[in-house]
Amino acid sequence: MANGQANGQWYPPEWPDRIRALAAGTLTPVTPKRAATVMLLRDSGTTGSGPAVHMLRRRTSMAFAGGAYAYPGGGVDPRDDDRAIGWAGPTRAWWADRLGVDEAGAQAIVCAAVRETYEEAGVLLAGPTGDSVVGDTTGADWEADRAALVDRELSFAEFLDRRGLVLRSDLLGAWARWITPEFESRRYDTWFFVAALPEGQRTRNASTEADRTVWITPAEATAGYDRGELLMMPPTVATLRGLAACGTAAEALASAPGRDMTPVLARARLSGDEVVLSWPGHDEFTKHVPSTHTASAPTPSEPTPSDPTGGASA
């Protein structure tokens with residue numbers, strides 16, 4: 001446990017050995033895959049509690065972060081940088097500068113954010129025009145298209161073209177960037193975004209990777225983590241703590257352009273018989289692991305937010 005304090009930090013038992021192997025030069029880091037995740041927000045209606053965020057709990061059977069609470073998201077589809085995609089909002093060049101990548105990479109990452117949100121939460125940040133957004137997306141025909149996207153039978157560009165829609169990049173705000181530690185076997189270079197739930201749409205658990213979803217305020221979520229009741233990875237906790245300072249979803253989106261997008265990458269070093277694991281700028285996640293330590297992930301409990309299902313989520 002970090003600093004001897006129990007919490008819900010996800011911590012696989014194989015990490016110490018992998019860290020030592022990396023330090024010894026016997027472990028070659030895996031190249032991280034590009035990914036995007038979106039913190040969907042809606043005003044909680046409670047003064048001083050800030051916006052509620054849509055979170056899903058990963059199935060315990062998942063190889064990566066099983067049982068942990070996270071946001072809708074996933075890896076970039078190689079077709080996400082298709083230049084034929086309908087686009088509205090800031091230019092690709094603007095996004096490239098904001099995200100620290102080239103223009104093709106910027107489009108791929110923004111597309112991944114919008115596509116994965118639709119695939120996993122049923123929420124689509126797109127509209128017929130650059131100043132409109134679709135309404136209810138729960139019909140059978142929408143579900144057929146969503147399933148085709150999940151199965152990669154349909155590219156996102158093809159989906160938008162078929163529907164006569166343009167991606168609303170202006171509905172997203174870039175919030176943070178975290179890279180999975182070099183000693184992890186599954187690595188992701190992940191851009192975190194914020195977006196307000198569009199009027200007329202509702203979230204649902206459309207992901208095969210999650211066993212439940214919740215609408216919960218950042219304060220409630222981090223309190224559950226601090227008590228060791230909710231299992232989360234450091235990037236999730238850090239982004240929640242940042243959101244807690246925002247009074248509304250609109251405030252979060254307005255503050256996004258000023259957020260630091262410098263990538264956060266965990267560092268591991270050997271100090272005597274200890275492995276010291278730290279995330280620059282986030283001291284709360286520092287861990288000192290003795291050589292005889294056998295780590296185990298804490299058992300997450302059910303969250304008890306004021307509206308655990310959001311009135312719509314499973």
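Scroll up for the structure.
A short tour of the structure in this document, coming up. For clarity, every value in this text was computed on a predicted model and none was experimentally measured.

## Thoughts on the environment of Pro257
No. 1: Looking at where Pro257 falls in the secondary structure, it is placed in the loop between α8 (249–255) and β11 (264–265).
No. 2: For Pro257, a relative accessible area of 53% corresponds to the exposed category.
No. 3: In sequence terms Pro257 and Gly173 are 84 residues apart; their C-alpha atoms lie 6.8 Å from each other.

## Quick look at the environment of Ala24
No. 1: Checked against the element boundaries, Ala24 lands in helix α1 (residues 15–24).
No. 2: On the basis of relative accessible area, Ala24 is assigned to the exposed category, the value being 57%.
No. 3: Through-space distance from the C-alpha of Ala24 to that of Leu270 is 9.9 Å; in sequence the pair is 246 residues apart.

## Details of the sheet that holds strand β7 (residues 166–168)
No. 1: Strands sit in the order β5-β7-β6 across an open sheet of three strands; the sheet is mixed. At either margin of the open sheet sits one strand with a lone partner, and together these are β5 (87–88) and β6 (126–127).
No. 2: As defined by bridge partners, β6 adjoins β7 across two bridges and the pair is classed as antiparallel. Bridged to Ala126 within β7 is Leu167.

## A word on the pattern of salt bridges
Between side chains of opposite charge, pairing is possible as soon as their charged atoms come close.
No. 1: On inspection of all chains with the given rule, the structure shows 17 salt bridges.
No. 2: With a shortest N-O distance of 3.4 Å, Asp141 and Arg163 are connected by a salt bridge. With Asp141 in helix α4 (residues 140–150) and Arg163 in helix α5 (residues 156–163), this pair connects stretches of sequence that are 22 residues apart.
No. 3: Owing to a relative accessible area of 45%, Asp141 belongs among the partly exposed residues under this scheme.
No. 4: Overall, the relative accessible area of 23% leaves Arg163 in the partly exposed class.
No. 5: Across the salt bridge formed by Glu143 and Arg146, the nearest N and O atoms sit 2.9 Å from each other. With Glu143 and Arg146 both in helix α4 and three residues apart, the pair spans about one turn of that helix.
No. 6: Given the relative accessible area of 8%, Arg146 is considered buried.

## Observations regarding helix α7 (residues 234–243)
No. 1: For α7, a buried count of nine out of ten residues is recorded, marking the element as mostly surrounded by other parts of the structure.
No. 2: What α7 keeps buried is the set Pro234, Pro235, Thr236, Val237, Ala238, Thr239, Leu240, Gly242 and Leu243.

## Considerations on the sheet that holds strand β12 (residues 267–271)
No. 1: Within the open sheet, the three strands sit side by side as β12-β13-β14. Their pairing is antiparallel. Whereas interior strands pair on both sides, the edge strands pair on one side only; in this sheet they are β12 and β14 (282–290). Neighbouring strand axes in the sheet, compared pairwise and without regard to direction, differ in orientation by 20° on average.
No. 2: Bridge count for strand β13 (residues 274–279) against β14 is five bridges, and the pairing is antiparallel. Following the sheet pairing, Leu277 is matched in β14 by Lys287.
No. 3: Each of β12, β13 and β14 touches α1; the most contacted strand, β13, lies at about 95° to it.

## Quick word on unusual backbone geometry
No. 1: Despite not being glycine, Arg152 shows a phi value in the positive range, around 60°.
No. 2: The topology assignment puts Arg152 in the loop between α4 and α5.
No. 3: A residue is classified by how much of its surface remains accessible, and Arg152, at 31% relative accessible area, is partly exposed.

What counts as what
- Residues numbered from 1 in each chain as written.
- Predicted model: local features only at pLDDT ≥ 70, side-chain atom pairs only at ≥ 80, totals over all residues.
- Heavy atoms only, no water.
- Helix = DSSP H or I, 4+ residues; strand = E, 2+ residues; numbered from the N terminus.
- Buried < 20%, exposed > 50% of the residue type's maximum accessible area, 1.4 Å probe, protein only.
- Pairing = 2+ DSSP bridges.
- Salt bridge = Lys/Arg side-chain N within 4 Å of Asp/Glu carboxyl O.
- Axes fitted to C-alpha atoms, helices over the stretch in contact; angles between N-to-C directions.
- Contact = heavy atoms within 4.5 Å.

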